[in-house]
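Understanding the architecture of this molecule
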Amino acid sequence: MPAAVQNRRTRIARTLVVACTGAALLGLPLIGATAASAATSSTTTAASTTLAGYPNNLDGWIRESLAIMSEKHIPGTYNGIYRNVMRESSGNPRAINLWDSNAAAGIPSKGLLQVIAPTFNTYHVAGTSFDIYDPVANITAACNYAAARYGSIDNVHGAY
């Protein structure tokens, strides 16, 4: 085993020194972590949740949407939303369809659940962003539309 790896393994704790405003220094012991990974970890933690406290990922977006939907009495389940998101965008909140009939008409489907702007605007749910690419706003508006048209997003098993 190379000496550098041996030395890294034998160290039990490391100290990260952070220079703060006013030249104050703070030493933080980090067990089994390098300075770079510690800095990345704390930065990522702050950006890894939504303003509502949900994880900033597909699971969190669906859970936050379900909480809003519950307050607004919009039916739908995690599994119904997840199934449709995977079919429509593979979980990419920036997905855009530039080839179907909507796109040909100048109103491409956008976001996790591939909603066109007129539908998003009509079924937008108060308290969510007006940005069609916002994952929570897109899911919640699409579920509101699906509830009005099909009874629930759970009843949607194809393009809608």
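Residues numbered from 1 in each chain as written. Predicted model: local features only at pLDDT ≥ 70, side-chain atom pairs only at ≥ 80, totals over all residues. Heavy atoms only, no water.

Another aspect to go through is the overall build of the protein. When helices and strands are counted, the protein shows seven helices and two strands. Every one of the 160 residues in the protein was classed for burial, and the buried ones make up 34%. Of the contacts formed within the protein by residues at least 6 apart in sequence, a portion of 39% connects residues at least 24 apart. Total accessible area computed for the protein in this model is approximately 9,500 Å², and 57% of it derives from carbon and sulfur atoms. (Helix = DSSP H or I, 4+ residues; strand = E, 2+ residues; numbered from the N terminus. Buried < 20%, exposed > 50% of the residue type's maximum accessible area, 1.4 Å probe, protein only. Contact = heavy atoms within 4.5 Å. Areas by Shrake-Rupley, 256 points an atom, 1.4 Å probe, with all protein chains shown as cover.)

Further remarks concern helix H3 (residues 58-72). With 15 residues, H3 should reach 21 Å at 1.5 Å per residue; the first-to-last C-alpha distance of 21 Å fits that figure. If you check which residues of H3 are buried, you get Leu-58, Gly-60, Trp-61, Ile-62, Glu-64, Ser-65, Ile-68 and Met-69. Along its buried surface, H3 packs onto helix H4 (78-89) and helix H7 (135-150). Looking one or two residues beyond H3, the residue adopting positive phi is His-73, at roughly 60°. (Expected span 1.5 Å × (residues − 1).)

Here we take up the environment of Thr-77. Residue placement: Thr-77 occurs in the loop between H3 and H4. Thr-77 sits 15 residues away from Ile-62 along the chain, and the two C-alpha atoms are 9.1 Å apart. In contact with Thr-77, not counting residues within four places along its chain, are Leu-66, Ile-153 and Asp-154.

Here we take up the layout of surface pockets. Regions of empty space are outlined by a rolling probe, equal in size to a water molecule, passed over the atoms. Volume-wise, the largest pocket comes out at about 320 Å³. Taken together, 15 residues line the largest pocket, and the ones lying closest to its centre are Asp-100, Asn-102, Ser-109, Gln-114 and Tyr-160. Among the residues making up the lining of the largest pocket, the classes are represented as eight nonpolar, five polar and two charged. Its volume calculated, the second largest pocket comes out at about 210 Å³. Lining the second largest pocket are 13 residues, and of these Thr-50, Leu-51, Glu-64, Asp-134 and Val-136 sit closest to its centre. Where the lining of the second largest pocket is concerned, the elements lending two or more residues are H3 and H7. When residues of the lining of the second largest pocket are assigned to their parent elements, the largest contribution, three residues, is made by H7. The class makeup of the residues in the lining of the second largest pocket is six nonpolar, five polar and two charged. (1 Å grid on protein atoms, 1.4 Å probe; cavity = no way out; pocket = protein on both sides within 12 Å on 5 of 7 lines; lining within 4 Å. Points joined across faces, edges and corners; volume = space filled by probe spheres on them. Nonpolar A, V, L, I, M, F, W, Y, C, P; charged D, E, K, R; others polar.)

On average, residues of the protein carry a pLDDT of 79, and 71% of them reach 70 or more. Confidence drops under a pLDDT of 50 for residues 1-46, and excluding neighbours within four residues, the segment shows 29 contacts in the predicted structure. (pLDDT = per-residue confidence, 0-100.)

Counted under the stated rule, the structure contains three aromatic pairs. Measuring from ring centre to ring centre gives 6.4 Å for Tyr-78 and Tyr-82, while their planes differ by 10°; the resulting arrangement is stacked. Within this pair, Tyr-78 and its partner Tyr-82 are both found in helix H4, separated by four residues, close to a single helical turn. You can call Tyr-82 partly exposed: its relative accessible area is 38%. An aromatic cluster is built from Tyr-123, Tyr-145 and Tyr-150, whose rings are joined through pairwise contacts. Positioned over the ring face of Tyr-133 is Arg-94, at 4.1 Å from the centre of the ring. (Phe/Tyr/Trp six-rings, centres within 6.5 Å; stacked < 30°, edge-to-face > 60°. Lys NZ or Arg CZ within 6 Å of the ring centre and 35° of its normal.)

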